[in-house]
Amino acid sequence: MSVSVACIDYRKGKVFIAKRVNKGAMGGRWEFPGGKLEEGEDFAAAIKREIREEFNVDVSVGERIAEADFEHNGKKCKVYAFFVTFAGDGIAKPFVLTEHTEYKWCNIKDIPSLNFVDSDILLYKQIISKIDSGEL
C-alpha cells in the first residue's frame, strides 16, 4: 500500500495550498502539500522532509486530523492529513518552489471550486469539520 501525507497550515481563516507542476495524472491541480512516506520514516519526518524539499522551509508537525483510502492505477493507497505550522507565511519571504508552480493561502470553503487533486479532496470534509468545530 502506498502511504502519503498532506499538511494543513490553517491560520487567519485560510489554508495553505499549492499547485502542482503540469506533469502526470494530477499535474496542474491544487493540493494540500506533502508527499510519500519513505521506508523507515515516520509521518512527522516525511512531512518535514517533503516541505523542506518542495518549499525550502521548515514546519512543525502537530496532530493527525484526517485520513482517507483511495485507489490509484489499481493500487490501494492511504493519505493522512496533519496540522502543521510553516516557519513563515511565504509572503514576506517567498518560499522556493521545486514541485509546484504557485502557492497561496485560500479560504477553506473555496477548495471545492478549485481543481483539487482527487485524494486530497477526500480529506476535505474531515478538515472542514475540524475547522467549523473550532478544533483547528
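These lines cover the structure that appears in this document, whether it is placed above or below.

## Some words on the pairing of strand β3 (residues 14-20)
Moving on, step 1. By the bridge criterion, two bridges tie strand β2 (residues 10-11) to β3 in an arrangement that is antiparallel. What sits directly across from Tyr-10, in β3, is Val-15.
Moving on, step 2. Hairpin connection from β2 to β3: two residues lie between these consecutive antiparallel strands, with Lys-12 at a positive phi of about 50 degrees.
Moving on, step 3. Direction of pairing for β3 relative to strand β8 (residues 100-107): antiparallel, over a ladder of seven bridges. Across the sheet, residue Ile-17 finds its bridge partner in β8, namely Lys-104.
Moving on, step 4. Relative to strand β4 (residues 30-31), β3 is paired through two bridges, and the arrangement is antiparallel. Counterpart to Lys-19 in the pairing with β4 is Trp-30.

## Section: the nonpolar core
Moving on, step 1. Grouped together as the largest cluster of nonpolar side chains are 21 residues, with contacts concentrated most on Val-15, Phe-32, Ile-108, Ile-111 and Ile-127.
Moving on, step 2. Broken down by secondary-structure element, the contributors of at least two residues to this core are β1 (2-8), β3, β6 (59-72), β7 (75-86) and α3 (124-132).
Moving on, step 3. Considering each element in turn, this core owes the most residues, four residues, to α3.
Moving on, step 4. The residues touching Val-15, leaving out its near neighbours within four places in the chain, are Ile-8, Asp-9, Tyr-10, Phe-32, Lys-104, Trp-105, Cys-106, Ile-108 and Ile-111.
Moving on, step 5. Phe-16, Val-57, Phe-82 and Trp-105 belong to the second-largest nonpolar core, a separate cluster that totals 17 residues.

## Remarks on the packing of aromatic side chains
Moving on, step 1. With the rule as written, the count across this model stands at 13 aromatic pairs.
Moving on, step 2. Ring centres 5.6 Å apart and planes at 25 degrees place the aromatic pair Phe-86 and Phe-95 in the stacked group. For the pair shown, Phe-86 and Phe-95 are each scored as buried.
Moving on, step 3. Linked through ring pairs, Phe-16, Phe-55, Phe-86, Phe-95, Tyr-103 and Trp-105 together constitute an aromatic cluster.
Moving on, step 4. Here the basic side chain of Lys-104 rests over the ring of Trp-30, its NZ or CZ set 4.8 Å away from the ring centre.

Here is what the cut-offs are and how they apply
- Residues numbered from 1 in each chain as written.
- Predicted model: local features only at pLDDT ≥ 70, side-chain atom pairs only at ≥ 80, totals over all residues.
- Heavy atoms only, no water.
- Pairing = 2+ DSSP bridges.
- Helix = DSSP H or I, 4+ residues; strand = E, 2+ residues; numbered from the N terminus.
- Core = buried A, V, L, I, M, F, W, Y, C linked by side-chain atoms within 4.5 Å.
- Buried < 20%, exposed > 50% of the residue type's maximum accessible area, 1.4 Å probe, protein only.
- Contact = heavy atoms within 4.5 Å.
- Phe/Tyr/Trp six-rings, centres within 6.5 Å; stacked < 30°, edge-to-face > 60°.
- Lys NZ or Arg CZ within 6 Å of the ring centre and 35° of its normal.

By themselves, these figures tell us nothing about what the structure is for.
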